[in-house]
Amino acid sequence: MHFISDFIHILKDVEFASPYYFFLLFLLIPSVGWPLWQRRKMRSTLQVSTTAPLDKVPKSWKVKFHFLPLLFRTLAVIFLVFALARPQSSFRQQHIQVEGVDIVLAVDVSGSMKCMDFRPNRLEACKKVAAEFVDGRPTDRIGLVVYAGEAFTQCPATTDHQTLLGLLNKVKFDLIEDGTAIGDGLGTAINRLRETDAKSKIIILLSDGVNNSGYMDPLSAAEIAKDYHIKVYTIGCGSMGKAPYPSPYGTMYVDTEIDETLLKNIATTTGGKYFRATNDKKLEEVYQEIDKMEKTIINETTFENKADEFLPFLIFGLIFIGLEILFRFIIKKNW
């Protein structure tokens, strides 16, 4: 039984080094077909109207098991052909080394993010695209910073993306004092990355306004990011010209004012890049481009060892040849 269980285990992952030998299985067609056709051609010399009285006559072992020699021969051919096809088992070992990227998303949650030039508004569109970005980078540590008149960490950099996405979903307006403290948002994001051991660190900073509050100068924060080898990608979020804005009196149109010069300087100082997203589709394209530029490095080494496993097939083939000889020339003659 142990031999049979080992044989079944081999069959699970077996590969064949010489599969063209399987064409020999076509030899079974004449080998099996000819005896069956000959038996079918046989005609009785004595014909009777009914064989009902003979149904109660017990059949001999020779009649009941006349098919066994042909069956054993067929099985012998099958197993010997499998042995010729050189079945092989393989053992594979994979060593995967991941060099991830530490990322912090710094998202503007100021009142101007309520503008409806994105669907349903700028903040919700940003949350949706950011969630897709997170889903596409399963091996990276990603954190979340939100800022308006001040900044705070919504989620530190983590590989627990389910928790991160849950906290991202909870981001809403009026969490903090209104305003646009780009410097504080960038500084808080830098603080989350400065002591990590990742080879690549990036901040994706999104803003739809002009720096008008906070304690840290944005360009000074950019110099600090540069010192810590943190690359900052900046995104100016908002349509050109006026944008629809919800108010107690209905929808009104307000001017879109983004300090693109500042955002460009932050990106240039840190070796990043500035993007302008004027609608939902452009915002998706921006995150996709950043995703392509900051790829996680995955080194995969595979070791494979093959072993010939023809012996069990050969043994079974010889056993069935022996059984055919035994039944055809010894046992059958004595029945």
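Basis of the calculations
- Residues numbered from 1 in each chain as written.
- Predicted model: local features only at pLDDT ≥ 70, side-chain atom pairs only at ≥ 80, totals over all residues.
- Heavy atoms only, no water.
- Axes fitted to C-alpha atoms, helices over the stretch in contact; angles between N-to-C directions.
- Helix = DSSP H or I, 4+ residues; strand = E, 2+ residues; numbered from the N terminus.
- Parallel < 35°, antiparallel > 145°, perpendicular 65-115°, else oblique.
- Left-handed = near helix turned anticlockwise from the far one by under 90°.
- Contact = heavy atoms within 4.5 Å.
- Nonpolar A, V, L, I, M, F, W, Y, C, P; charged D, E, K, R; others polar.
- Core = buried A, V, L, I, M, F, W, Y, C linked by side-chain atoms within 4.5 Å.
- Buried < 20%, exposed > 50% of the residue type's maximum accessible area, 1.4 Å probe, protein only.
- Arc of directions from axis to C-beta.

**Student:** For this particular structure, what's the right way to read the packing of helix H7 (residues 182–193) against helix H8 (residues 218–227)?
**Tutor:** Between two packed helices, both the angle of their axes relative to each other and the distance between the axes serve to describe the pair. Between H7 and H8, the shortest axis-to-axis distance is 8 Å and the interhelical angle comes to 20°. By the angle between their axes, H7 is roughly parallel relative to H8. Two packed elements cross with a definite hand, and for H7 against H8 that hand is left-handed. Contact residues: H7 offers Ile182, Gly183, Leu186, Gly187 and Ile190, while H8 offers Pro218, Ala221, Ala222, Ile224 and Ala225. Along the lines of polarity and charge, the residues of the contact of H7 with H8 split into 8 nonpolar, 2 polar and no charged.

**Student:** Explain the side chain of Thr180 here, please?
**Tutor:** Topologically, Thr180 is positioned in the loop between helix H6 (161–169) and H7. Residues contacting Thr180, with those up to four places away along its chain left out, are Asp108, Ser110, Tyr147, Ala148, Gly149, Ser207, Gly209, Val210, Asn211, Asn212 and Ser213.

**Student:** Even after reading the chapter, I still don't get the nonpolar core, so can you show me in this structure?
**Tutor:** Soluble globular proteins: nonpolar side chains tend toward being buried together. Counting residues in each nonpolar core, the largest one holds 37 residues, and the members touching the most others are Leu105, Leu144, Ile204, Ile235, Leu283 and Tyr287. Elements with a contribution of two residues or more to this core: strand S3 (101–108), helix H5 (122–135), strand S4 (141–147), H6, strand S6 (200–207), strand S7 (230–237), strand S10 (274–277) and helix H10 (280–293). In terms of residues, this core owes the most to one element, H5, which gives 7 residues. Setting aside its immediate chain neighbours within four residues, Ile235 contacts Ile204, Leu205, Leu206, Ser207, Leu263, Tyr274, Phe275, Ala277, Leu283, Val286, Tyr287 and Ile290. Counting 22 residues, the second largest nonpolar core, distinct from the first, contains Ile190, Ile203, Ala222 and Ala267.

**Student:** Quick question: what am I supposed to make of helix H9 (residues 260–270) here?
**Tutor:** Residue pairs three or four apart in sequence face the same way in an α-helix, which turns once every 3.6 residues. Listing the buried residues of H9 in full gives Leu262, Leu263, Ile266, Ala267 and Thr270. Taken around the axis of H9, the buried residues stretch over an arc of 130°, which confines them to a single face. Of the exposed residues in H9, those oriented more than 90 degrees away from the buried face are Thr261 and Thr268. Count one or two residues on from H9 and you reach Gly271, which has phi positive near 85°.

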